[in-house]
Amino acid sequence: MKKILVVANWKCNPATLKGAKLLFNSTKKGIKGIKNVEVVICPPFVYLPILSSVISHQPLVKLGAQDCFWQEKGAFTGEISPAMLKNLGVDYVIIGHSERRKYQKETDEMINKKLKAALKQGLKPILCIENVSQIPKFLKKRGDFSGLTEKELSSLIIAYEPISAIGTNKPCSIDKAKKIRITIEEKLNKNIPILYGGSVNSENTVGYIREAGFSGLLLGGASLNIQEFFQTLKNLNLV
Ligand code: PGA
């Protein structure tokens, strides 16, 4: 059976390494017994090396980054490349989150370059979009792989994240989310898993999977609250 993907986007939290280890270890404990969910933890870059060294024995827990650059190496101060992430044992990378589009002024063009670089490196990018116009052109045209192989492209995941629902406690209704998921699917020329993100919690989580038909979820706030996160996973385990 295909696992439900749950992505925990810690954003710029917690403030200390001690806090990150605590949250990570509690999350790992809570996952025991959960069989049909794969959890991807996306901490800030600085915590990735230490968390990567303790993750290995948990097949259903993976590490993700919250961003990456499009070049492999060179004079790009402050940037982290997909190759560096891959070498660290990171499997996933969030790309084009609306907070980066807003605060770092990331454009569709930059996001496209990041997406391709991550796919080339064998990472699984989670491309965040808030509407269908943000789907890259090459994913809409039949037979257009834009220099990528079909195999490289098969790692791509899309996350539908309406801005009005992010961090607001105002989740998108299940009906509306379902309609948008169907519209996104119709635009794509390939079969790509689609996640929902935006004010997901233990109460609304099952609806997005069972009723709206998403392949998984992207959680921000609820991934930092360990009780809420466990409850979310437990509820999903029953789907
Ligand atoms: P939220 O964040 O769950 O806190 O709304 C989701 C996100 O930003 O991906």
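This part takes up the nonpolar core. In terms of nonpolar packing, the biggest core is built from 61 residues, with L139 and Y196 touching the most fellow members. The residues contacting L139, other than those within four sequence positions of it, are L153, L156, I158, K187, L188, N189, K190 and I192.

Bringing the site of the ligand into the picture now. Residues in contact with the ligand, as listed here, are K11, H97, E161, A165, I166, G167, G198, S199, L218, L219, G220 and G221. At a separation of 2.8 Å, an oxygen atom of the ligand approaches a polar backbone atom of S199. At 2.9 Å, a backbone N or O of G220 approaches an oxygen atom of the ligand. Protein contacts shield 95% of the accessible area of the ligand, which totals 280 Å² for the unbound molecule. Classifying every residue of the shell around the ligand gives four nonpolar, six polar and two charged.

Let's shift gears to helix α7 (residues 174-187). End to end, α7 covers 20 Å across 14 residues, agreeing with the expected 20 Å (1.5 Å per residue, within 8%). What α7 keeps buried is the set I174, A177, R181 and I184. The arc enclosing the buried residues of α7, seen along the axis, measures out at 85°, which places them on a common side. Along α7, exposed side chains directed more than 90 degrees from the buried face belong to D175, K179 and E186. Looking at the buried residues of α7, the elements they touch are β5 (124-129), β6 (157-160), β7 (194-197) and α8 (205-210).

This part is about the pattern of salt bridges. Scanning all chains against the criterion turns up eight salt bridges. For R100, the salt bridge identified is with D67, shortest N-O distance 3.2 Å. In this pair, R100 sits in helix α4 (residues 98-103) while D67 sits in the loop between β3 (61-65) and α3 (82-87), placing the two residues 33 residues apart along the sequence. Residue R100 is classed as partly exposed on the basis of its relative accessible area, which comes to 23%.

Further remarks concern the packing of helix α1 (residues 17-31) against helix α10 (residues 226-237). Two numbers describe how α1 lies on α10: the axes approach to 10 Å, and their chain directions differ by 25°. The angle between the axes of α1 and α10 places the two elements in the roughly parallel class. Here α1 and α10 pass one another in a crossing that is right-handed. Between α1, through L23, S26, T27, G30 and I31, and α10, the contact on the second element is made entirely by I226, F229, F230 and L233. Among the residues making up the contact of α1 with α10, the classes are represented as six nonpolar, three polar and no charged.

Attention shifts here to the packing of aromatic side chains. Under the definition given, this model contains six aromatic pairs. When the centroid spacing of 4.0 Å and the interplanar angle of 15° are considered together, the rings of Y196 and Y208 count as stacked. Of this pair, Y196 sits in strand β7 while Y208 sits in helix α8, placing them 12 residues apart in sequence. Owing to a relative accessible area of 0%, Y196 belongs among the buried residues under this scheme. Classification of Y208 as buried rests on a relative accessible area of 1%. Note on Y208 and F214: the rings are 6.5 Å apart at their centroids and 70° apart in plane angle, and the pair reads as edge-to-face. Three or more aromatic residues link up through ring pairs in this structure, and these residues are Y160, Y196, Y208 and F214. A cation over a ring is seen here: K116 above F138, with NZ or CZ 5.0 Å from the ring centre.

Cut-off values and rules
- Residues numbered from 1 in each chain as written.
- Predicted model: local features only at pLDDT ≥ 70, side-chain atom pairs only at ≥ 80, totals over all residues.
- Heavy atoms only, no water.
- Core = buried A, V, L, I, M, F, W, Y, C linked by side-chain atoms within 4.5 Å.
- Buried < 20%, exposed > 50% of the residue type's maximum accessible area, 1.4 Å probe, protein only.
- Contact = heavy atoms within 4.5 Å.
- Near = heavy atom within 4 Å.
- Polar contact = N/O pair within 3.5 Å; in protein donor to acceptor, adjacent residues only side chain to side chain.
- Areas by Shrake-Rupley, 256 points an atom, 1.4 Å probe, with all protein chains shown as cover.
- Nonpolar A, V, L, I, M, F, W, Y, C, P; charged D, E, K, R; others polar.
- Helix = DSSP H or I, 4+ residues; strand = E, 2+ residues; numbered from the N terminus.
- Expected span 1.5 Å × (residues − 1).
- Arc of directions from axis to C-beta.
- Salt bridge = Lys/Arg side-chain N within 4 Å of Asp/Glu carboxyl O.
- Axes fitted to C-alpha atoms, helices over the stretch in contact; angles between N-to-C directions.
- Parallel < 35°, antiparallel > 145°, perpendicular 65-115°, else oblique.
- Left-handed = near helix turned anticlockwise from the far one by under 90°.
- Phe/Tyr/Trp six-rings, centres within 6.5 Å; stacked < 30°, edge-to-face > 60°.
- Lys NZ or Arg CZ within 6 Å of the ring centre and 35° of its normal.

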